[in-house]
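Here are the chains, one letter per residue:
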Amino acid sequence: MDFKELRALPGSEEKRRWLRNRMETLFMKESLLLTAAQTRQPAGDLAEVIGRIYSLPDYTLVAPARSYEDLGKRYLERETRVP
């Protein structure tokens, strides 16, 4: 995801500058997490995007998951005691 659509969202010039600067310093993992978060529920404005970027440490990257079934299996293996 190139995140061009994020720059087009409504918001103040200050938020736009902050986002532009932060996007230049995203690590690969952060970029993947932000892409997943945006795919799940697209942000409506820049404030929402900024909030999402601040909350990236709360997300867990489970990789490589090739399908939703694979993702579910990996989640169960790592996060539960279900055989």
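Conventions used here
Residues numbered from 1 in each chain as written. Predicted model: local features only at pLDDT ≥ 70, side-chain atom pairs only at ≥ 80, totals over all residues. Heavy atoms only, no water. Core = buried A, V, L, I, M, F, W, Y, C linked by side-chain atoms within 4.5 Å. Buried < 20%, exposed > 50% of the residue type's maximum accessible area, 1.4 Å probe, protein only. Helix = DSSP H or I, 4+ residues; strand = E, 2+ residues; numbered from the N terminus. Contact = heavy atoms within 4.5 Å. Salt bridge = Lys/Arg side-chain N within 4 Å of Asp/Glu carboxyl O.

(A) Looking closely at the nonpolar core. Counting residues in each nonpolar core, the largest one holds 13 residues, and the members touching the most others are Leu 6, Leu 19, Met 23, Leu 34, Val 49 and Ile 53. At the level of secondary structure, the elements contributing two or more residues to this core comprise α2 (13-23), α3 (28-40) and α4 (46-54). The element best represented in this core is α4, accounting for three residues. If sequence neighbours within four positions are ignored, Leu 34 has contacts with Phe 3, Leu 6, Met 23, Leu 26, Arg 52, Ile 53 and Leu 56.

(B) Structural view of the pattern of salt bridges. Tallied over the entire structure, the rule returns four salt bridges. As a salt-bridge pair, Glu 30 and Arg 22 come within 2.7 Å of each other at their nearest N and O atoms. The exposure classification of Glu 30 matches that of Arg 22, with both residues buried. Across the pair Glu 48 and Arg 52 runs a salt bridge whose closest N-O atoms are separated by 3.6 Å. Placement of the pair is Glu 48 and Arg 52 together in helix α4, with a separation of four residues, close to one helical turn. Taking relative accessible area as the criterion, Arg 52 reaches 10% and is therefore assigned buried.

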